[in-house]
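If you want the building blocks of each chain, they are given just below.
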Amino acid sequence: MELEKRTLYMNRQKARVVAQVTVDEDRNVPDAKPDLERIILQRGDVEAEELHCTEGRAMLRGKLRYAVLYAAEGGNTQSLSGNLPISEPVRLEGVEERDSLTLDWTVEDLDIEMVHSRKIRIRAVLTFTIGAEGLQQESLITGASAEEPLEIRKDTCTVTRIAVQKRENYRISEELEISGNKPNLGEILWREVELRSVDCRPLDGALAIRGELSVFVLYQGDGSHVPVQWEEFSVPFSGQIDLPDSTEEMIPDVDVRLIHSSLEPREDGDGELRVLELEAVLELPVRLYETQEIEAVCELYSPAKEAVLTEKEASFEKILVRNSSRAKLSERVRLPEGERILQICRGSGRVMVDHVGATEEGLEVEGALHVTVLYASADDSQPLRSVDAVLPFQHLMEARGMDARCTYRLKPMAENLNILMISAEEAEVRAGIVLEAIVLAREERTILSDAELVPYDPEKIRRMPGIVGYRVQPGDTLWKIAKKFYTTVEGIRETNEGIGEEVKPGDRLILIKQTEEITA
């Protein structure tokens, strides 16, 4: 007997480790920079450089990039930046070198404070989530053939497999022009590039990406006695990434990260510094899922020979739900006593998820939007100040049918962040939280892994009557009856006129044994 088999390749999570790295370092202010008087803004980002695993251990290497905007003595505004190295060993039990590793990170807490006018202290808690996945294969028997008559029963298996898994980069290059009413560029004091409202969609042979970069630059105008200036840009982008194995029907799970950005001044056509050259690199860990319905052989027999079947337990994944939902936030932020807003310069925010609980209704997500508002102050001696706000949120993402065996991936992002000046002492923060989740359900089922035909015991066959009168019992099907009495479904229909697709209890049948030995 020849068996037709189809091999499915699926990823299985072998390990998931959450590691925290604490950073506590002092850094001196460079000699070329003036003394610190007050810190206005601070920022920290992680740049992962290497994640390599051997014999159940992984070494994580990277750096914490920090930046500080500060008020210098004399009322000037200055900035400084640098990198702090990260090197952390992580245990990953049972993980092999050929397994696929994924890395996610969050700056949980960042605090940069003045030690004195020539030194700062950088404290941070970084959380890294490392996942290890191994490739697992399952073979399904989709057909069988033999010289002897063969009866086959099939069942439909709904299986979700990873059809495409790659890590791609997407580059963005734009030229941004300073507004006509602003002075020429001098020294750039602060720059922020944030990724907002990104969407990925599979196409035939490609992945379409579109989104928006929010760009903010704070600079010293060219010329004496020119106050600090700022500009904000919205940079839409769209394009395609070649993925030969992609199709429109595939289900995307793409996590997009901004891993590099630069903003450099450049001369315009008149030779004046009025152009900012933006370069950005997005990293896209791409997963495209494909759901298939496969007709697999679950049982077979032959009236001529005995079928010896081998079964095994197998595990399959299928997408339970892919959901995107939004939560709206609105909260007023009051300035410290004695401070007054002249103008709001910039609002930036990042989403921090504190807890995710899986319930039968879906995913209960708790977290907060951490917002920093940069504003022009009414105090001429300290023209720039900032205030922080934390906007908590709680949201239920519907994913009915979840249980303890389900796995999920959650991607949070802030959108439509808007800061409104209510009064000189108060501002209102409005924003939306976008939560995207893909939930995979695991199904354990018994599958047929092998089958062969061997001769029947001749004594057993000889003792069986050639013709039997049979009354259908509850739970009987034509298949079960044909297998029990060494005949076929088609043979039963030929012998018993008027029999349809199914039989019901009490029906009377004439059954004729159809083994090769009796026929001979």
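Here, the structure is the one placed above.
Residues numbered from 1 in each chain as written. Predicted model: local features only at pLDDT ≥ 70, side-chain atom pairs only at ≥ 80, totals over all residues. Heavy atoms only, no water.

## Some points on the side chain of arginine 385
Position of arginine 385 relative to the elements: it lies in strand S17 (residues 384-398). Arginine 385 has contacts with Arg38, Ile40, Glu339, Val373, Leu374, Tyr375, Ser377 and Asp379, leaving out every residue within four places of it along the chain. (Helix = DSSP H or I, 4+ residues; strand = E, 2+ residues; numbered from the N terminus. Contact = heavy atoms within 4.5 Å.)

## Structural notes on the packing of aromatic side chains
Following the criterion strictly, the structure yields 4 aromatic pairs and no others. Relative to phenylalanine 237, the ring of tyrosine 170 lies with its centre 6.1 Å away and its plane at 40 degrees, an arrangement referred to as tilted. Here tyrosine 170 is found in strand S7 (residues 151-177), whereas its partner phenylalanine 237 is found in strand S10 (residues 228-242), with 67 residues between them in sequence. For the residue pair tyrosine 170 and phenylalanine 237, the accessibility class agrees, reading buried in each case. Measuring from ring centre to ring centre gives 5.2 Å for tyrosine 470 and phenylalanine 485, while their planes differ by 55 degrees; the resulting arrangement is tilted. Of this pair, tyrosine 470 sits in strand S20 (residues 467-471) while phenylalanine 485 sits in the loop between helix H2 (478-484) and helix H3 (489-495), and the two are 15 residues apart along the sequence. Tyrosine 470 sits in the buried class, given a relative accessible area of 15%. (Phe/Tyr/Trp six-rings, centres within 6.5 Å; stacked < 30°, edge-to-face > 60°. Buried < 20%, exposed > 50% of the residue type's maximum accessible area, 1.4 Å probe, protein only.)

## Re the sheet that holds strand S14 (residues 306-334)
A sheet is described by the order of its strands in space; here 3 strands give the open sequence S14-S19-S18, paired in antiparallel fashion. Strand pairing shows two members of the sheet lacking a second neighbour, S14 and strand S18 (407-423), which therefore form its edges. The average undirected angle you get between the axes of adjacent strands in this sheet is 5 degrees. As defined by bridge partners, S14 adjoins strand S19 (residues 426-454) across 28 bridges and the pair is classed as antiparallel. Within S19, the residue paired with alanine 314 across the bridge is arginine 445. (Pairing = 2+ DSSP bridges. Axes fitted to C-alpha atoms, helices over the stretch in contact; angles between N-to-C directions.)

## Remarks on the pattern of salt bridges
In the structure shown here, the tally under the stated rule is 41 salt bridges. Its salt-bridge partner being arginine 346, residue glutamate 194 comes within 3.8 Å of it at the nearest N-O pair. Taken together, the residues span a long stretch of sequence, with glutamate 194 in strand S8 (residues 185-203) and arginine 346 in strand S15 (residues 341-358) at a distance of 152 residues. Pair check on accessibility: glutamate 194 and arginine 346 agree, each one buried. Among the salt bridges present, the one from arginine 332 reaches glutamate 426, with a minimum N-O distance of 3.5 Å. Of this pair, arginine 332 sits in strand S14 while glutamate 426 sits in strand S19; the two residues are 94 residues apart in sequence, bridging distant segments of the chain. One network of salt bridges, with partners in common, ties together Glu192, Glu194, Arg196, Glu232 and Arg346. (Salt bridge = Lys/Arg side-chain N within 4 Å of Asp/Glu carboxyl O.)

## Focus: the pairing of strand S5 (residues 100-116)
Where S5 lies against strand S6 (residues 119-145), 15 bridges are found, and the strand directions are antiparallel. Note on S6: the bridge partner recorded for serine 100 is glutamate 133. Between the end of S5 and the start of S6, which pair antiparallel, lie 2 residues.

## Side note on the layout of surface pockets
The gaps left among the atoms become clear once a water-sized probe is rolled over them. The computed volume of the second largest pocket comes to approximately 370 Å³. Those elements that provide at least two residues to the lining of the second largest pocket are strand S4 (77-91), S8, S10, S15 and strand S16 (362-377). Broken down by class, the residue content of the lining of the second largest pocket amounts to 8 nonpolar, 7 polar and 3 charged. (1 Å grid on protein atoms, 1.4 Å probe; cavity = no way out; pocket = protein on both sides within 12 Å on 5 of 7 lines; lining within 4 Å. Points joined across faces, edges and corners; volume = space filled by probe spheres on them. Nonpolar A, V, L, I, M, F, W, Y, C, P; charged D, E, K, R; others polar.)

## Side note on the side chain of serine 449
Structurally, serine 449 can be placed in strand S19. Take serine 449: its relative accessible area is 19%, and that puts it in the buried class. Contact partners of serine 449, with chain neighbours within four places excluded, come to Lys5, Ile141, Thr310, Glu311 and Lys312.

## What about the nonpolar core?
If you look at the biggest cluster of nonpolar residues, it comprises 33 residues, and the most contacted ones within it are Leu213, Val215, Phe237, Leu276, Leu282 and Leu284. Put simply, the parts of the chain that give this core at least two residues each are S7, S8, strand S9 (206-221), S10 and strand S13 (273-301). Discounting chain neighbours no more than four positions away, the residues touching phenylalanine 237 are Tyr170, Ile172, Leu195, Val198, Ile209, Arg210, Gly211, Glu212, Leu213 and Leu282. Of all hydrophobic cores here, the second largest spans 32 residues; its members include Leu363, Met397, Ala414 and Ala437. (Core = buried A, V, L, I, M, F, W, Y, C linked by side-chain atoms within 4.5 Å.)

## So, a negative patch on the surface
Together, Glu108, Asp109, Asp111, Asp354, Glu364 and Glu366 line one region of the surface with negative charge. Breaking the negative patch down by element, the ones donating at least two residues are S5 and S16. The leading source of residues in the negative patch is S5, at 3 residues. Along the chain, glutamate 366 turns up in strand S16. For glutamate 366, a relative accessible area of 33% translates into the label partly exposed. (Patch = residues over 30% accessible without salt bridge, like charges linked within 9 Å, V, L, I, M, F, W, Y side chains within 5 Å. Areas by Shrake-Rupley, 256 points an atom, 1.4 Å probe, with all protein chains shown as cover. Lys, Arg positive; Asp, Glu negative; His and termini not counted. Charge placed at Lys NZ, Arg CZ, Asp CG, Glu CD.)

## With respect to the pairing of S13
Examined bridge by bridge, S7 and S13 share 26 bridges and lie antiparallel to one another. Bridging across to S13, threonine 156 finds its partner in glutamate 295. Pairing of strand S11 (residues 251-254) with S13, which is carried by 4 bridges, proceeds in the antiparallel orientation. Residue pairing for S13: valine 254 is matched across the bridge by valine 286. Here 10 bridges tie strand S12 (residues 257-267) to S13, and the two strands are oriented antiparallel to one another. The residue of S13 that forms the bridge with glutamate 267 is leucine 273. The antiparallel hairpin formed by S12 and S13 contains 5 residues in its connecting segment, where glycine 271 sits at a positive phi of about 80 degrees.

Nothing here speaks to function; it is geometry throughout.
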